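The chain contents come next:
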Amino acid sequence: MWNDMKLDQLDGGLNFIDIGASGGFPRDWNQLKRLINYFAFEPNAEERERLSKEESPFNTVAWFSTAVAGSKGEASLYQTRDPLCWSLLEPNHRFLDRFTFAKKFIVDGTTRVPTQALSDVAELQGVDADILKVDSQGLDRDILEQGTALLDRAFYVEMEPGFNDSYLEENTYAEVDIFMREQGFRLFDLNCHRVPRNNTMQAH
């Protein structure tokens, strides 16, 4: 899905590639919006429709319906109760059920979606990526392994790998950290999210 962006418009500004745009643009970058060429990937059609209808604050913007994964093909998209938890991976309820947020990961349905590797996205060929945000719900390393040409140019990468496997076969932080170090990146900052246990101690 290609909106109002042309490659000849990308001579200036920052090229921001957002893989998993559900929830909206990261607020940390709000002051630079007018300088940003925004490439947004979101397979959740309802969320993509909602966000793409908002007035664009960006220099240019393009929305894509393809689910970015480690390879081109087709996969099941698990539609969890909370749209922010949708993933190409099945939630790992054996781990999740011990926490108070477990209901967010209940799967209400699945749908088959086309997948594409970063290296195969025609609209990204020749794009000098500056910033990558990967909110893939567990596929960070698989996705970026197929996007090393973009990583070679980027100066900042934001990801949300878990320390434990909230999804079956998830790329955990330990795996992602090794890969990113091999690409020349180092951890710059870390936001920790603590969730109460689903037991009698949760109030403490």
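Right, let's walk through the structure included here. This one's a predicted model, so the numbers in the text were calculated from it and none came from an experiment. (Residues numbered from 1 in each chain as written. Predicted model: local features only at pLDDT ≥ 70, side-chain atom pairs only at ≥ 80, totals over all residues. Heavy atoms only, no water.)

### A word on the pairing of strand β1 (residues 14-19)
Across a regular strand the side chains alternate sides, sitting on one face of the sheet and then on the other. The buried fraction of β1 amounts to six of the six residues, a majority that puts the element mostly inside the structure. Of the two faces of β1, the one lined by Leu-14, Phe-16 and Asp-18 and the one lined by Asn-15, Ile-17 and Ile-19 are each fully buried. Across six bridges, the pairing between β1 and strand β2 (residues 36-41) is parallel. Within β2, the residue paired with Leu-14 across the bridge is Ile-36. (Buried < 20%, exposed > 50% of the residue type's maximum accessible area, 1.4 Å probe, protein only. Helix = DSSP H or I, 4+ residues; strand = E, 2+ residues; numbered from the N terminus. Pairing = 2+ DSSP bridges.)

### Re the nonpolar core
Core analysis: the biggest nonpolar cluster contains 39 residues, and Ile-17, Phe-41 and Leu-144 have the highest contact counts within it. No other element matches the three residues that helix α5 (residues 173-182) contributes to this core. If near-sequence neighbours (up to four positions away) are discounted, Ile-17 is found in contact with Phe-39, Phe-41, Leu-124, Ala-129, Ile-131, Leu-132, Lys-133 and Leu-150. (Core = buried A, V, L, I, M, F, W, Y, C linked by side-chain atoms within 4.5 Å. Contact = heavy atoms within 4.5 Å.)

### What to know about the sheet that holds strand β6 (residues 107-116)
For sheets, the rule is that strands pair by backbone hydrogen bonds, running either parallel or antiparallel. Strand order in the open sheet formed by three strands is β4-β6-β5, with mixed pairing between adjacent strands. A single partner strand is all that each edge strand has here, and the edge strands are β4 (67-68) and β5 (73-80). As judged from the two bridges shared by β4 and β6, these two strands associate in the parallel manner. Bridge pairing links Ala-67 to Thr-115 in β6.

### Side note on the pattern of salt bridges
Considering all chains together, one arrives at 10 salt bridges under this definition. With a shortest N-O distance of 2.9 Å, Arg-50 and Glu-47 are connected by a salt bridge. In this pair, Arg-50 and Glu-47 both sit in helix α1 (residues 45-52), three residues apart, roughly one turn of the helix. Close ionic contact of Asp-108 with Arg-81 constitutes a salt bridge, the shortest N to O distance being 3.2 Å. Residue Asp-108 is located in strand β6, and its partner Arg-81 is located in the loop between β5 and α2 (93-96); the two are separated by 27 residues in the primary sequence. Several salt bridges converge on common partners, so that one network encompasses Arg-141, Asp-142, Glu-145 and Glu-175. (Salt bridge = Lys/Arg side-chain N within 4 Å of Asp/Glu carboxyl O.)

### Some remarks on unusual backbone geometry
Positive phi is not limited to glycine here, since Gln-137 has a value of about 55°. Looking at where Gln-137 falls in the secondary structure, it is placed in the loop between β7 (131-134) and α3 (140-145). Backbone geometry places Glu-169, a non-glycine residue, at a positive phi of 65°. Structurally, Glu-169 can be placed in the loop between β8 (156-159) and α5. Since its relative accessible area comes to 70%, Glu-169 is described here as exposed.

### Description of the environment of Arg-94
When you line up the elements, Arg-94 lands in helix α2. Arg-94 sits in the exposed class, given a relative accessible area of 79%. Separated by 72 residues in sequence, Arg-94 and Ser-166 place their C-alpha atoms 8.9 Å apart.

### Quick notes on the packing of aromatic side chains
What characterises a pair of aromatic rings is the spacing of the ring centres plus the angle enclosed by the ring planes. Applying the stated rule across the entire model yields 14 aromatic pairs. Ring centres 5.9 Å apart and planes at 65° place the aromatic pair Phe-16 and Tyr-38 in the edge-to-face group. Within this pair, whereas Phe-16 is found in strand β1, its partner Tyr-38 is found in strand β2, the two being separated by 22 residues in sequence. Taking the relative accessible area as the measure of exposure, Phe-16 reaches 0% and is therefore buried. With a centroid separation of 4.4 Å and 10° between ring planes, the pair formed by Phe-41 and Phe-64 is classed as stacked. Residue Phe-41 is found in strand β2, and its partner Phe-64 is found in strand β3 (residues 60-64); the two are separated by 23 residues along the sequence. In this structure, Phe-41 and Phe-64 share a single accessibility class: buried. Linked through ring pairs, Phe-16, Phe-25, Trp-29, Tyr-38, Phe-58, Trp-63 and Tyr-156 together constitute an aromatic cluster. The aromatic ring of Phe-99 is capped on one face by Arg-197, whose charged end is 5.7 Å from the ring centroid. (Phe/Tyr/Trp six-rings, centres within 6.5 Å; stacked < 30°, edge-to-face > 60°. Lys NZ or Arg CZ within 6 Å of the ring centre and 35° of its normal.)

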